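Chains, contacts and geometry: an overview
Each chain, letter by letter, is given below.
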Amino acid sequence: MSRYRYLFVQLVRRELRRKYKGSTLGVLWYLINPLVLLGAYTLMFGHVYKFQSIPDFPIFLMIGLVVWTFFQQSLLSAAESLIDQGALVRKARFPREAIPGATVTVQLITFCALLTLLLPLTVAIRGTFGPALLLVPVLVALLYCFVLGCALTVAVLHAYFRDVVPILTALLLPWFFLTPIFFDPRTLGFVQSNPLVGTALQWINPVAPFIEALRAILFDGHAPDWGRLVYGFAAAGLAILLGTTIFRRMEGDLAVVV
Amino acid sequence: MNLRPGEIVLRDATRSFSVRADQARTLKGLFLGRRAHGPAPVPALRGVTLHIEPGETVGMVGRNGAGKTSTLRVLAGIVPLQSGEARCGGRIVSLLELGAGFSRDFSGRENILLQGALYGLNRVQIEERLDRIIAFSELGGFIEVPVKTYSSGMFVRLGFSIAAHLDADVLLIDEVLAVGDEAFQRKCLRRISEQIAAGTTVVFVSHDAGAIERVCERVVVLDGGRIVFDGPAAEGLLHYHQSMGTEHGGGQSLRPERDRSGPGRENSVAVTELELRDALGRSTSVFHSGMPMQLYAAVRAPEAVQQGWLTLELLDRSGSSVFRTRTAFEAGTDGIARLVLDIPDLALLGGDYDLALAASAVDEATPTDRTIRFTVAGRPGAEGIVDLRGSWRSLAPVTGPHADGLR
């Protein structure tokens, strides 16, 4: 496995450059796209459809949005990755996990770059400098494992059943609106009268605890509660376990189906 | 049990492929059980058992769909078996599809790095080989250009150069080499020979009997997903040609035959029978170099014409004339002339040949009446068409004070 480390590096570099090779701004597009998205959502949910009074709303929104973008882009690009790289799959025997793994890693690089831009901004505006910041890399690592596990699953499933991407696309839109990205589930008016909905919003959706934990550190300036950290560990471990198990089970005929 | 590097074991290897117009299955199909309908899966391998020792060179021949490429893909570990066992020892490098695994937007050099990585080499290992690969590929400045601008010949050159320099224990080569020009093909065969000398196991699929004969000592003939022959190269190729011959009625000649069914033709001079026989007088279409061959022909002559001319022409696989001869004949009272051409030892080398016969009443060129195709199994150490059968001997080496001046 370790002798394929260089292959993984190659795949990541290739993936980084593949899409934007030949375009003037090149790899910068990886950063520009999410930034444009951030601007648009800030305008819409911060000013036009403002239904919750949250101070420093753009910062609040951005934290949720970078996590969501990482999650969504990783799943969508990983799902197609094995088919896109069919020529490699048909060519040689190598650990096929490397292909969806590389696409998720490319998204992780974008995510980290955005987070690095966001971090000083947040700390300066919200005054959240403190030891809790040390937990950020831990959360990023857990999120990466969680996303990787999900990505392995959708990638191998989509290679066999081409309905997976349309289903995923359809699923991701309502999922986005149910994720606490542009609202705070605790202070939402509707949730005040229906506390069960609030619990569901915070705990059923596996992406929510990650966002809220990151937000506790960056936005509120304190360490996330234990519940969310434990949840993060469990989600990451479970996703990786499930993802690798399904992938191993199904990877056999990949060269035939892609 | 661990295999030695270069050892190959296939035991009862079985694999079939489903043939659906839309390859990709859908969840709907899964839930509705639609996979049960449609054409039955096509068996590609049906219990193939094969043991190849390290350093052996095996040619694999068979008709299209016989399972050759499937076998290679199974050996390369790309496609799993449904039952049985397939194992290869050491590093397996395959050259199966033309340009497979190349990213079109990347330069030849970048693709070399990726291909090397695909086989588990690290950066240092690949960079050690980089110069040799580039030199072998003869791509020159094109190595820095995205491969999407390459011609198919350039793809093959790069693909082969990479595969041939990764220090494989097992090298699997499919038909792809056929795309390169002749000079490069020769260079590839030479490189393969070098690898063989260095102890690499080579499995080679080709329809080019000549190339197989040059490179391989052992031939496996596949038919319908089964091994029908496994043994020495010359015999294997013979077996292959024989099975091809019976299947296609001797094969189609390149030379068109004269239409003998037209009105008035029944009274003209024509070759009516043509047969090739071996030393024992049995009809056959397969011969060995140096073996006796007997050609039997019957020519129909209308009563008015008692004599005529018979022309025989020997053609090689590309349709070029190798040999031509003519003879006068005289028909018997039954209006038929029977002729035999005795060839004491066939001075031809391995390959397929056509014999074309034409008969006419007058001494002039006439269209071919009848052709027959036959196969010659060559002899080791000689290539080409004609067997001149020379033998080498060494002269005493020049020694002494003037030796330098004589060079």
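Conventions we followed
Residues numbered from 1 in each chain as written. Chains lettered and ligands numbered in written order. Predicted model: local features only at pLDDT ≥ 70, side-chain atom pairs only at ≥ 80, totals over all residues. Helix = DSSP H or I, 4+ residues; strand = E, 2+ residues; numbered from the N terminus. Rg over C-alpha atoms; globule rule 2.2 N^0.38 Å. Buried ≥ 20, exposed ≤ 12 C-beta atoms within 10 Å, placed from the backbone. Contact = placed C-beta atoms within 7 Å. Nonpolar A, V, L, I, M, F, W, Y, C, P; charged D, E, K, R; others polar. Pairing = 2+ DSSP bridges. Axes fitted to C-alpha atoms, helices over the stretch in contact; angles between N-to-C directions. pLDDT = per-residue confidence, 0-100. Parallel < 35°, antiparallel > 145°, perpendicular 65-115°, else oblique. Core = buried A, V, L, I, M, F, W, Y, C linked by C-beta atoms within 7 Å. Left-handed = near helix turned anticlockwise from the far one by under 90°.

1. Some remarks on the overall build of chain A
- Helix and strand counts for chain A stand at twelve helices and zero strands.
- Counting from the amino terminus, helix and strand elements in chain A follow one another as α-α-α-α-α-α-α-α-α-α-α-α.
- At 19 Å, chain A has a C-alpha radius of gyration in line with the 18 Å of a compact globule built from 258 residues.
- Principal-axis analysis of the C-alpha atoms places the extent of chain A at approximately 55 × 45 × 35 Å.
- Put simply, chain A has 258 residues, and 42% of those count as buried.
- Pairs at least 24 residues apart make up 77% of the contacts formed inside chain A by residues separated by at least 6 positions.

2. Observations regarding the overall build of chain B
- From N to C terminus, chain B includes nine helices and 17 strands.
- Looking at chain B residue by residue over its 407 residues, the buried ones come to 37%.
- For chain B, the proportion of contacts with a sequence separation of at least 24, taken over those separated by at least 6, is 73%.

3. Observations concerning the interface of chain B and chain A
- Taken together, the contact between chain B and chain A spans 27 residues of the former and 24 residues of the latter.
- Secondary structure elements with two or more residues in the side of chain B that touches chain A: α1 (27–32) and α3 (108–118) of chain B.
- The element contributing the most residues to the side of chain B that touches chain A is α3 of chain B, with four residues.
- Taken together, the residues of the side of chain B that touches chain A sort by class into 15 nonpolar, eight polar and four charged.

4. Some remarks on the sheet that holds strand β11 (residues 286–288) of chain B
Residues and elements named next belong to chain B.
- Pairing within the open sheet is mixed, and its five strands lie in the order β11-β17-β16-β13-β14. The two strands at the open ends of the sheet, each matched to only one other strand, are β11 and β14 (321–330). For this sheet the average axis-to-axis angle between neighbouring strands, irrespective of direction, equals 25°.
- Sheet topology note: the strand β13 (residues 307–315)/β14 ladder contains nine bridges and is antiparallel. Counterpart to G308 in the pairing with β14 is F329.

5. Observations regarding the environment of P180 of chain A
Residues and elements named next belong to chain A.
- For P180, the location among the structural elements is in the loop between α7 (164–178) and α8 (189–193).
- Taking C-alpha positions, P180 is 33 Å from R18, a pair spaced 162 residues apart along the chain.
- Aside from chain neighbours lying at most four places away, what touches P180 is G64, P185, L201, A208, I211 and E212.

6. Section: the confidence of the model for chain A
- Mean pLDDT over chain A: 89, with 96% of residues reaching 70 or higher.
- Per-residue pLDDT, averaged within each element of chain A, yields its smallest value for α8 of chain A (80) and its largest for helix α6 (residues 135–160) of chain A (96).

7. Topic: the packing of helix α3 (residues 57–84) of chain A against α7 of chain A
Residue and element names in this part refer to chain A.
- For the pair α3 and α7, the least separation of the axes is 10 Å and the interaxial angle reads 175°. Between α3 and α7, the crossing angle belongs to the class labelled roughly antiparallel. For the pair α3 and α7, the contacting residues are W68, Q72, L75, L76, A79 and E80 in the first and V164, V165, L168, L172 and F176 in the second.
- The residue inventory of the contact of α3 with α7, partitioned by class, reads nine nonpolar, one polar and one charged.

8. As for unusual backbone geometry
Residues and elements named next belong to chain B.
- We note that D12 has phi near 55°; this positive angle belongs to a residue other than glycine.
- With respect to the helices and strands, D12 occurs in strand β1 (residues 8–17).
- Judged by the 14 C-beta atoms lying within 10 Å of it, D12 falls in the partly exposed class.
- A positive phi is found at D167, a non-glycine position, where the angle reads about 55°.
- Mapped onto the fold, D167 is located in the loop between α5 (152–164) and β6 (170–173).

9. Describing the nonpolar core
- Membership of the largest hydrophobic core comes to 155 residues, with the highest contact counts inside it found for I63, V67, V147 and A151 of chain A together with L75, L172 and F204 of chain B.
- With 17 residues, α6 of chain A is the single largest residue contributor to this core.
- For L172 of chain B, the contacting residues outside a window of four places in its chain are L72, L75, A76, I92, S94, L95, L96 and V203 of chain B.
- Counting 14 residues, the second-largest nonpolar core is a separate cluster that includes A297, A301, L355 and A358 of chain B.

10. Let's talk about the pairing of strand β8 (residues 218–223) of chain B
Residue and element names in this part refer to chain B.
- As defined by bridge partners, strand β3 (residues 57–61) adjoins β8 across four bridges and the pair is classed as parallel. In the strand pairing of β8, V61 is matched with V221.
- In this sheet, strand β9 (residues 226–232) lies alongside β8 in antiparallel orientation, the contact comprising six bridges. By the bridge assignment for β9, V220 is matched with D230.
- Where β8 folds back on β9, the antiparallel hairpin that results is connected by two residues, among which G224 adopts a positive phi of roughly 55°.

11. Comments concerning the sheet that holds β1 of chain B
All names here are of chain B.
- Overall, antiparallel pairing links the three strands, which are arranged β2-β1-β4 in an open sheet. Taken across any chain shown, the strands that pair with only one partner, and hence form the sheet edges, are β2 (42–52) and β4 (83–88). In this sheet, adjacent strand axes meet at a mean angle of 25° when their direction is disregarded.
- Sheet contacts for helix α2 (residues 68–75): β1, β2 and β4; angle to β2, the most-contacted strand, approximately 60°.

12. A word on the packing of helix α1 (residues 5–18) of chain A against α3 of chain B
- Interhelical geometry of α1 of chain A versus α3 of chain B gives an angle of 140° and a closest axis separation of 8 Å. The orientation of α1 of chain A with respect to α3 of chain B, classified from their angle, is oblique. Note that α1 of chain A runs across α3 of chain B; the crossing there is left-handed. Touching Y6, L7, Q10 and R14 of chain A of α1 of chain A are L113, L114, A117 and L118 of chain B, all from α3 of chain B.

13. Observations regarding the environment of R317 of chain B
Residue and element names in this part refer to chain B.
- Position of R317 among the secondary structure elements: in the loop between β13 and β14.
- Its 15 C-beta neighbours within 10 Å are what place R317 among the partly exposed residues.
- Between the C-alpha atom of R317 and that of R373, which follows or precedes it by 56 residues, the distance is 9.7 Å.
- Not counting residues up to four positions away in its chain, the partners in contact with R317 are G351 and D352.

14. Let's talk about the confidence of the model for chain B
Residues and elements named next belong to chain B.
- Across chain B, the average pLDDT comes to 81, with 85% of residues at 70 or higher.
- The least confident element of chain B is helix α9 (residues 403–406), whose mean pLDDT is 50; the most confident is helix α4 (residues 123–137), at 91.
- In this model residues 260–264 is a low-confidence stretch, pLDDT under 50, and it forms two contacts with partners more than four residues away in sequence or in other chains.
- Quick note on the complex model: pTM equals 0.75, ipTM equals 0.81.

15. Details of the environment of A239 of chain A
- Residue position: A239 of chain A is located in helix α11 (residues 226–250).
- Taking C-alpha positions, A239 of chain A is 17 Å from L172 of chain A, a pair spaced 67 residues apart along the chain.

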